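Listed below, chain by chain, are the residues.
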Amino acid sequence: MDLCHHEPAELSSVEAEELQRIKWHRKQLLEDIQKLKDEIADVFAQIDCFESAEESRMAQKEKELCIGRKKFNMEPAKGIQYFIEHKLLTPDIQNIARFLYKGEGLNKTAIGTYLGERDPVNLQVLQAFVDCHEFANLNLVQALRIVKIKESV
């Protein structure tokens, strides 16, 4: 039964009141739906803004990493200082050693230069760097081959 197509004269007063109540509820529901749509649109806008900000932060971090690598490859001590100042690396000896061990984008000669300095911190980093290598149960030739393979990667 479709109440919307009846002439108002055909409805009793109770039916007319019920029809008005239904229309009022319909109007309220449509308003609520519109509010929800607006809220959802706001949330999506916030998500887009957050993603853009995150992408921007990641791009900035990648840029700083690239600058730091270039600095390190030219002057290793200044490169490490740059990484620490830009919070890309902590001043922890183990952390620096692991960073050099991974060597992502770092010149092997520059790593050797940094580790070869006689500064007490560099000597501690050198020791931690050596500890990053697994030489247990290997003879000298096998250990050198592992180091050579790592250098070529």
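Residues numbered from 1 in each chain as written. Predicted model: local features only at pLDDT ≥ 70, side-chain atom pairs only at ≥ 80, totals over all residues. Heavy atoms only, no water.

Asker: Let's hear about the UniProt feature "coiled-coil region" (unreviewed entry) in the protein chain: which residues, and what values?
Answerer: The feature "coiled-coil region" (unreviewed entry), as annotated in UniProt, sits at residues 19-53 in this numbering. Note that residues 19-53 is 100% helix and 0% strand, and that its end C-alpha atoms are spaced 51 Å apart. (UniProt positions renumbered as here; feature names shortened; annotations may be inferred. Helix = DSSP H or I, 4+ residues; strand = E, 2+ residues; numbered from the N terminus.)

Asker: I'd like a rundown of the packing of aromatic side chains, residues and numbers included.
Answerer: Applying the stated criterion to the full structure yields four aromatic pairs. Ring geometry for tyrosine 82 against phenylalanine 83: centres 6.4 Å apart, planes inclined by 75°, an arrangement best described as edge-to-face. Assigned by exposure class, tyrosine 82 and phenylalanine 83 land together as buried. With 4.8 Å between their ring centres and 65° between their planes, phenylalanine 83 and phenylalanine 99 make a pair best called edge-to-face. You can see phenylalanine 83 sitting in helix H2 (residues 76-85) and its partner phenylalanine 99 sitting in helix H3 (residues 93-102), a full 16 residues away along the chain. Phenylalanine 83 sits in the buried class, given a relative accessible area of 1%. (Phe/Tyr/Trp six-rings, centres within 6.5 Å; stacked < 30°, edge-to-face > 60°. Buried < 20%, exposed > 50% of the residue type's maximum accessible area, 1.4 Å probe, protein only.)

Asker: Go over the packing of helix H4 (residues 108-116) against helix H5 (residues 120-132), please, and point to the residues and values.
Answerer: Relative orientation of the contacting elements H4 and H5 amounts to 120°, with a least axis distance of 7 Å. In terms of orientation, H4 lies oblique with respect to H5. Only Asn122, Val125, Leu126 and Phe129 of H5 make contact with H4, whose side of the interface consists of Ile111, Tyr114 and Leu115. Split into classes, the residues belonging to the contact of H4 with H5 amount to six nonpolar, one polar and no charged. (Axes fitted to C-alpha atoms, helices over the stretch in contact; angles between N-to-C directions. Parallel < 35°, antiparallel > 145°, perpendicular 65-115°, else oblique. Contact = heavy atoms within 4.5 Å. Nonpolar A, V, L, I, M, F, W, Y, C, P; charged D, E, K, R; others polar.)

Asker: Before we move on, can you summarise a nonpolar patch on the surface with the specific residues and values?
Answerer: A grouping of Leu36, Ile40, Val43, Phe44 and Ile47 is seen on the molecular surface, where their side chains present a nonpolar patch of about 460 Å² in accessible area. Turning to its location among the elements, isoleucine 40 is positioned in helix H1 (residues 13-74). (Patch = residues over 30% accessible without salt bridge, like charges linked within 9 Å, V, L, I, M, F, W, Y side chains within 5 Å. Areas by Shrake-Rupley, 256 points an atom, 1.4 Å probe, with all protein chains shown as cover. Salt bridge = Lys/Arg side-chain N within 4 Å of Asp/Glu carboxyl O.)

Asker: Provide a residue-level description of the nonpolar core, including the pertinent values.
Answerer: Grouped together as the largest cluster of nonpolar side chains are 19 residues, with contacts concentrated most on Phe72, Ile80, Leu100, Tyr114 and Val125. Elements supplying a minimum of two residues to this core: H1, H2, H3, H4 and H5. If you tally residues by element for this core, the top one is H3, at five residues. Residues contacting leucine 100, with those up to four places away along its chain left out, are Phe72, Ile80, Leu106, Ile111, Tyr114, Leu115, Val125 and Phe129. (Core = buried A, V, L, I, M, F, W, Y, C linked by side-chain atoms within 4.5 Å.)

Asker: Outline the layout of surface pockets, supporting the account with residue identities and numerical values.
Answerer: In this model, the largest pocket occupies a volume close to 230 Å³. In terms of lining residues, the largest pocket is bounded by Lys61, Leu65, Arg69, Phe83, Leu88, Leu89, Asn95, Arg98, Phe99, Lys102 and Glu104. The element contributing the most residues to the lining of the largest pocket is H3, with four residues. Its residues assigned to classes, the lining of the largest pocket comprises five nonpolar, one polar and five charged. (1 Å grid on protein atoms, 1.4 Å probe; cavity = no way out; pocket = protein on both sides within 12 Å on 5 of 7 lines; lining within 4 Å. Points joined across faces, edges and corners; volume = space filled by probe spheres on them.)

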